[in-house]
Amino acid sequence: MKQNSTIATPIMNREQYFSLMKDFTACVRPLIEKHINSFCGDNKLLPILSFFFDKRAQKTCLLKPFLAKLSYDAAGGRDVDKILPVAAVAELINTSSYQANSVLDGKYGVLTKPDKDNQLIASMVTREMTDRVIDEAPLDSYIKNKLKALYSEANKFMYYGQFYELNVLHRRNLNVEKMSLDEYLGLYLTKCDHISGIFSKNVALSGAILATDNQLKLDAIGNYARNFGIGLNIINDMSDYLP
């Protein structure tokens, strides 16, 4: 694949940013489809597994894979082929969360018990698929183990965050009359950090570690991505109350 050094430009405008994200999405999507088809030996499972991937295929820009790519570039990486498997894993983990969340919130038309059961199964299968993608990537075992640890942590904290959203922050469990605004915001930001902050940080680090082992660079990239992810979750929550 032709290398694209322009993506590492320190400053880019909005149009360039989304154009590069669209181009990279077109590169990583065939790899995702390949792994779905090869992993799903039973054709009866494929429609259930593909339900959310088909919905995601309608999006021309996938943020999480591009975050891994930008972080790889920021750390000094230039080989596009090297980052592709990691970018695919980022989208697989992200999609597994959509599959699981549809069981919890009934969005995207997942309303009946059979549909919810199937998406829960799909989420588990998709999560298992990520390890296979990492195992098949042309990377050394040390990096593969670090990638698995990063995505395991991201997955764990996403569901900690879901617990916060469904339980800790539920009105029935909050003493709102006695709770200060700062106390509530602390709980809310913890939820945002768990769901999206740590996930975004680890996606970014999964790209960056392919290019550097400089801890100062990794810390800077990880901290930026973590705050970026927290902001994304706040925006996502606000969108529920906007027309």
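This text gives an overview of the structure that appears in the document. Because the structure is predicted, anything quoted here is derived from the model rather than measured.

## Structural notes on the overall build of the protein
Stage number 1. Of regular secondary structure, the protein possesses 8 helices and 0 strands.
Stage number 2. When the helices and strands of the protein are read in sequence order from the N terminus, they spell out α-α-α-α-α-α-α-α.
Stage number 3. For the protein, the C-alpha radius of gyration of 18 Å lies close to 18 Å, the compact-globule estimate for 243 residues.
Stage number 4. Overall size of the protein, expressed as C-alpha extent along the three principal axes, is 60 × 45 × 40 Å.
Stage number 5. Per-residue burial over the protein gives 44% buried out of 243 residues.
Stage number 6. Carbon and sulfur atoms provide 56% of the accessible area of the protein, an area that totals close to 13,200 Å².
Stage number 7. In the protein, 29 positive and 27 negative side-chain charges are present, and the distance between their average locations comes to 1 Å.

## Some points on a nonpolar patch on the surface
Stage number 1. A cluster of nonpolar side chains, L181, Y184, L185 and L189, forms an exposed patch at the surface whose accessible area comes to about 360 Å².
Stage number 2. Relative to the elements of secondary structure, Y184 occurs in helix α7 (residues 181–208).

## Re the packing of aromatic side chains
Stage number 1. For the coordinates displayed, the defined rule picks out 9 aromatic pairs.
Stage number 2. With a centroid separation of 5.0 Å and an interplanar angle of 80°, the aromatic rings of Y17 and F18 are classed as edge-to-face.
Stage number 3. F18 gets classed as partly exposed once you look at its relative accessible area, which sits at 34%.
Stage number 4. By the ring-pair criterion, three or more aromatic residues cluster together here, those being F51, F52, Y98 and Y108.

## Here's the deal with helix α1 (residues 14–39)
Stage number 1. The terminal C-alpha atoms of α1, which comprises 26 residues, lie 36 Å apart, in line with the 38 Å expected from a rise of 1.5 Å per residue.
Stage number 2. Of all the bends in α1, the largest measures some 25° and sits at V28, one to four residues before the proline P30.
Stage number 3. Residues of α1 that are buried: Y17, L20, M21, F24, T25, V28, R29, L31, I32, H35 and I36.
Stage number 4. In this structure, the buried residues of α1 make contact with α2 (46–57), α3 (63–74), α4 (80–105), α5 (113–136) and α8 (215–239).

## A word on the pattern of salt bridges
Stage number 1. The final tally for this structure, using the stated rule, is 9 salt bridges.
Stage number 2. Taking the shortest distance from any N to any O, the salt bridge between R132 and E136 comes out at 3.2 Å. Of the two residues, R132 and E136 are both situated in helix α5; the distance of 4 residues between them amounts to about one turn of the helix.
Stage number 3. Overall, E136 belongs to the partly exposed group, its relative accessible area being 47%.
Stage number 4. A salt bridge links K148 to D135, with the shortest nitrogen-to-oxygen separation between them at 2.6 Å. With K148 in helix α6 (residues 141–168) and D135 in helix α5, this residue pair connects regions lying 13 residues apart in the sequence.
Stage number 5. Salt bridges sharing common partners tie together E165, K191 and D237.

## Considering the packing of α6 against α7
Stage number 1. For the pair α6 and α7, interaxial distance at closest approach is 8 Å and the crossing angle is 165°. Comparing their axes, α7 and α6 come out roughly antiparallel. Every pair of crossing elements has a handedness; the one defined by α6 and α7 is left-handed.
Stage number 2. Looking at the contact of α6 with α7, its residues break down into 15 nonpolar, 6 polar and 4 charged.

Definitions and limits used
Residues numbered from 1 in each chain as written. Predicted model: local features only at pLDDT ≥ 70, side-chain atom pairs only at ≥ 80, totals over all residues. Heavy atoms only, no water. Helix = DSSP H or I, 4+ residues; strand = E, 2+ residues; numbered from the N terminus. Rg over C-alpha atoms; globule rule 2.2 N^0.38 Å. Buried < 20%, exposed > 50% of the residue type's maximum accessible area, 1.4 Å probe, protein only. Areas by Shrake-Rupley, 256 points an atom, 1.4 Å probe, with all protein chains shown as cover. Lys, Arg positive; Asp, Glu negative; His and termini not counted. Charge placed at Lys NZ, Arg CZ, Asp CG, Glu CD. Patch = residues over 30% accessible without salt bridge, like charges linked within 9 Å, V, L, I, M, F, W, Y side chains within 5 Å. Salt bridge = Lys/Arg side-chain N within 4 Å of Asp/Glu carboxyl O. Phe/Tyr/Trp six-rings, centres within 6.5 Å; stacked < 30°, edge-to-face > 60°. Expected span 1.5 Å × (residues − 1). Bend = angle between axes of the 7 residues up to and from the residue. Contact = heavy atoms within 4.5 Å. Axes fitted to C-alpha atoms, helices over the stretch in contact; angles between N-to-C directions. Parallel < 35°, antiparallel > 145°, perpendicular 65-115°, else oblique. Left-handed = near helix turned anticlockwise from the far one by under 90°. Nonpolar A, V, L, I, M, F, W, Y, C, P; charged D, E, K, R; others polar.

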